[in-house]
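Here's the letter readout for the chains.
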Amino acid sequence: MKLMILIFGILATVSAVAQSTHDKAVDQLFKSMDMEAVQKKQIENMVAMQCESNPVLQKIRPELTKFYMDNVGWKQLEPEMKKLYKKYFTEAEVSEINKFYQTPVGKKALLQMPTLFSEGMKLGQAKVSAKMPEFIKSVEGKLSQ
């Protein structure tokens, strides 16, 4: 019985150490990715797109930005994002991703990512907007039933 307790204690300690190194690896990755600045830029891009598509929102742009920063800014998302990264990437994989982001191409990718996402969203939005009247016409009968 004492042997089982000792083994369980050792396994728990090893698991806690592995957990903490995985946490540290993810923390380092987030630091390399400058996630706080990336999330801020994504929010700014999202607010800009919303104001562009609905100009009346321009009147409340600072409040809208603050709302998003307060609710989905990096400080609010970091704990959940850490869990997601740990769920989908091993510690070794996180370390490899981090190595990539230390390279010149990795750094460039990080800098361009918010712009790529924003422009990609605009492309998708434009394609959907162009086809929306046709889609609405095709489903009008079902909507009026």
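Before going into details, it helps to say that this report is about the structure given with it. Computed from a predicted model, the values in this text were never measured in an experiment.

## Remarks on the overall build of the protein
Check the secondary structure of the protein and you find six helices and zero strands. Tracing the protein from N to C terminus, the helices and strands come up as α-α-α-α-α-α. When each of the 145 residues of the protein is scored for burial, the buried share is 20%. Of the roughly 11,000 Å² that the protein leaves accessible, carbon and sulfur atoms contribute 65%.

## Considerations on the side chain of Asn45
Checked against the element boundaries, Asn45 lands in helix α2 (residues 35-53). When its relative accessible area of 15% is taken as the criterion, Asn45 is described as buried. Excluding residues within four positions of it along the chain, Asn45 makes contact with Pro114, Thr115 and Ser118.

## Examining the packing of aromatic side chains
Using the criterion set out here, one finds five aromatic pairs in the structure. Aromatic side chains Phe30 and Trp74 sit 5.0 Å apart centroid to centroid with 90° between the ring planes, which places their arrangement in the edge-to-face category. Taken together, the residues Phe30 in helix α1 (residues 2-33) and Trp74 in helix α4 (residues 74-88) connect sequence positions 44 residues apart. For the residue pair Phe30 and Trp74, the accessibility class agrees, reading buried in each case. Between Phe100 and Tyr101, the ring centres sit 5.3 Å apart and the planes meet at 50°, which makes this aromatic pair tilted.

## Here we look at the nonpolar core
Nonpolar side chains tend to gather and get buried jointly when the protein is soluble and globular. Within the largest apolar cluster, eleven residues are counted, these being Ala25, Val26, Leu29, Phe30, Met33, Met35, Trp74, Tyr85, Val94, Tyr101 and Leu110. Broken down by element, the residue count for this core peaks at five residues, all from α1. When residues no more than four places from it in sequence are discounted, the contact partners of Ala25 are Glu91, Val94 and Ser95.

## Some points on the packing of helix α3 (residues 61-72) against α4
Two elements in contact, α3 and α4, have axes separated by 5 Å at closest approach and are oriented at 30°. Considering their axes alone, α3 and α4 lie roughly parallel with respect to each other. Along its contact with α3, which presents Met69, Asp70, Asn71 and Val72, the element α4 presents Trp74, Gln76 and Leu77. Considered class by class, the residues forming the contact of α3 with α4 number four nonpolar, two polar and one charged.

Basis of the calculations
- Residues numbered from 1 in each chain as written.
- Predicted model: local features only at pLDDT ≥ 70, side-chain atom pairs only at ≥ 80, totals over all residues.
- Heavy atoms only, no water.
- Helix = DSSP H or I, 4+ residues; strand = E, 2+ residues; numbered from the N terminus.
- Buried < 20%, exposed > 50% of the residue type's maximum accessible area, 1.4 Å probe, protein only.
- Areas by Shrake-Rupley, 256 points an atom, 1.4 Å probe, with all protein chains shown as cover.
- Contact = heavy atoms within 4.5 Å.
- Phe/Tyr/Trp six-rings, centres within 6.5 Å; stacked < 30°, edge-to-face > 60°.
- Core = buried A, V, L, I, M, F, W, Y, C linked by side-chain atoms within 4.5 Å.
- Axes fitted to C-alpha atoms, helices over the stretch in contact; angles between N-to-C directions.
- Parallel < 35°, antiparallel > 145°, perpendicular 65-115°, else oblique.
- Nonpolar A, V, L, I, M, F, W, Y, C, P; charged D, E, K, R; others polar.

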